[in-house]
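Single-letter residue listing:
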Amino acid sequence: MEPVRIGLIGCGGIAQSAHLPAIARLPGLVRLVAAADVREEAARAAAAPFGADAYTDYRQILARPDVDMVILCTPEFAHREQTEAAAAAGKHILSEKPMAKTVAEADAMIEAARRAHIRLMVGHSRRFTGRYQEVRRAIDAGEIGEPRIVRENERRSRPPAGRESSYWTPKHWTGDPAVSVGAVLTNGIHEADLFRWFAGSEAVRVFAEHKTTRPGNLVPDFITFTVNFANGAVASGEVSNCLPPGYPSYHQLEIFGTRGAIRAKDHDQQSLVRFAEGGAGHPDSYRLLLHVQDAYVSELAQFVQSWRDDRPVPLPAEEAREALRLGLAADESARTGRPVDLTAGGGSR
Amino acid sequence: MNRVYSLGIIGADARTRALAGRLSPSAPFHAGPFAIRRWAGSPAGGDGEEAAAQAMAASVSLASSWRDALDADAVFVAGPAAGHAQAVVAALSAGRPVLCPLPLGVSASELAEVEAARRGSGAVLLSPSDLSASTAGRRALESVRAGELGQLHAVFLASRTGPAAGDVLDDLGWEALDFLAACVAAPCTRVYATGGSLFGAPGDALLANLRFAGDTIVTLELSRGLPPALAAAGPEVEIELAGVEAALRVEPYRRTVAVYRGAGAERRHWPARPVVAMLEDLQAAMEGTAGPADGDVIARQRAALAMHTALRASLSGRDVVPIAV
């Protein structure tokens, strides 16, 4: 069977660190034929190793009949337009998370895919990591009884002096309040998705507090939120990007059930600690534990294989829509200082 | 030869149980010169049988009235929180140094009575918690007070035990809230709490978000959801303090040695003994060799009480509760 021909739309950080390496690791299954980015040099750099064509307008990719699917590695504010255009062109779509800026946009994306009979999946990559799949397997097997408290803290540090990044600043889209609501979607969408997955239920209420930690920045880079689920479980997540330089980025997942508990904390299991000028860190074990690279390979492979086998996509777009709704409800709560009731339409702005 | 101070104990709980054998008149406590002279149940009642059993283990007879326990060089107040203020006020009024692991009172009026009694007597009053008296807890508070972390962006605090009866806000909350009040210099301005009966017992879990003036945000978890494999090592407290300058991670009760042998891993624990540190502080304060280690304890407990009251209201009202500053 011929490899599926991929057009990559958006050639920034997540494309370079995750999607392009995943494509390279699946040579019999997929092939990159085109890459597009508004920055021509970024498109060329992505395309060249694969002998693919580079464009500055994604529509040029959609016009090619030899592109079977596209991967959207663009920010969420671009996803609706690009999804509708790709669906109209008959291309299957694997989109980066978060799905969109609003639930209405997410609904429009789902409807566009339905009308065009194409496959749409949002890549919540954590669901494809070995660690989290093992957690879900243990829950499904009843090893801890019913999950009652699900907690995940996700911590990242500020870059050290002299290595400042534009990330979170008004110079970068992540820090532009016109297009970004901040940490709750940029990082916290992972927790919103995982909470639903592990709790095995729909969120009914959320409360959140957030803040902008760095002077001059305009969008919150810290959020903590507490979620009640219909089945009585409660989730708590703290997502921060404000730890001092040198603090190791890590995730702490803990699930307490009626008959047991699961712990999956980076710092408890780190296999390699590096001591460097900026402090101590465990970047290799971080990758090892979350299997970041493997997750994107698995995500892409499962998406393509489900299509070839004529099975449903492994992660329906409706799941990503609900994670988005929970994230937006948390943002609404943090901005208003009040809990938000999702059964009354909260988060659906 | 060092002096041995007589100690009157009012009330009985898990903490005094640990002392019973060590502070009996025939077995002087190895880490401090105290010996129990009198032991009585709490003025609030409810701990009489436990007090009698512990007194017997300490080889002292149970006093018929809690006031009899004031006849000692110093007084240790324990047992139900509802009896603390009455016993502390009486002991201070009698001029006795007092060690009362928190809370000193469960209402603003009780705290006011304790404050007035302390001011009137000038006697030593210490009200630590297991957390603030633990080695790691002390180090964390010293670090915060010395400004080593800079302004605090966020605090995460989880306090957990295995399944047990008792409301977590009352049983685990005072210690946690007192620690927060000690860490965050500004007052708490609003709280949100959820939880209830998650593991089968009433009030066995609470998850909360708190906001302080100055913009420190706290994530708090109190629960009785530890499964036996984890609960066997005792309660656990986990704290992360994220400051502008530095971050600090504190796990005061998980003093663990992990042993990896063959294909398996074994974790060995040994218990924290913060009550030893509490008695050392009491001795130092009585002898004037050190001031109270825990700062303005009544102001801090007043702040903890405000948070406690607001969290309770938030739990029942399912809404955010502001705290007037």
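Quick look at the structure, then. (Residues numbered from 1 in each chain as written. Chains lettered and ligands numbered in written order. Predicted model: local features only at pLDDT ≥ 70, side-chain atom pairs only at ≥ 80, totals over all residues. Heavy atoms only, no water.)

1. Considerations on the sheet that holds strand β1 (residues 4-9) of chain A
All names here are of chain A. The strand order across the open sheet formed by six strands is β3-β2-β1-β4-β5-β6, and the pairing between neighbours is parallel. Single-partner strands in this sheet number two, and they are β3 (53-55) and β6 (120-123). Here the strands of the sheet are splayed against their neighbours by 25 degrees on average, with no regard to which way each runs. By the bridge criterion, six bridges tie β1 to strand β2 (residues 30-36) in an arrangement that is parallel. In the sheet register, Gly-7 faces β2, and the bridge partner there is Ala-34. Seen against the sheet, helix α4 (residues 79-88) touches β1, β4 (69-72), β5 (92-96) and β6 and runs at an angle of roughly 165 degrees to β5. (Pairing = 2+ DSSP bridges. Helix = DSSP H or I, 4+ residues; strand = E, 2+ residues; numbered from the N terminus. Axes fitted to C-alpha atoms, helices over the stretch in contact; angles between N-to-C directions. Contact = heavy atoms within 4.5 Å.)

2. A closer look at the packing of helix α4 (residues 108-121) of chain B against helix α11 (residues 297-317) of chain B
Residue and element names in this part refer to chain B. Put simply, α4 and α11 touch, their axes get as near as 10 Å, and they point 180 degrees apart. In terms of orientation, α4 and α11 fall into the roughly antiparallel class. Here Ala-108, Leu-111, Ala-112, Val-114, Glu-115 and Arg-118 of α4 lie close against α11, whose contacting residues are Val-297, Ile-298, Gln-301, Arg-302 and Leu-305. (Parallel < 35°, antiparallel > 145°, perpendicular 65-115°, else oblique.)

3. Points about α4 of chain B
At 3.6 residues per turn, the α-helix brings residues three or four places apart onto the same side. Residues and elements named next belong to chain B. In this model α4 runs 20 Å from its N-terminal to its C-terminal C-alpha over 14 residues, within 8% of the 20 Å that 1.5 Å per residue would give. Burial in α4 covers these residues: Glu-110, Leu-111, Val-114 and Ala-117. Within α4, the buried residues cover an arc of 125 degrees as seen down the axis, which keeps them to one side. For α4, the exposed residues lying more than 90 degrees away from the buried face are Arg-119 and Gly-120. On its buried side, α4 packs onto α3 (84-93), β5 (125-126) and α11. Trailing α4 by a residue or two, Gly-122 shows a phi angle of about 70 degrees, which is positive. (Expected span 1.5 Å × (residues − 1). Buried < 20%, exposed > 50% of the residue type's maximum accessible area, 1.4 Å probe, protein only. Arc of directions from axis to C-beta.)

Honestly, it's all geometry; don't read function into it.
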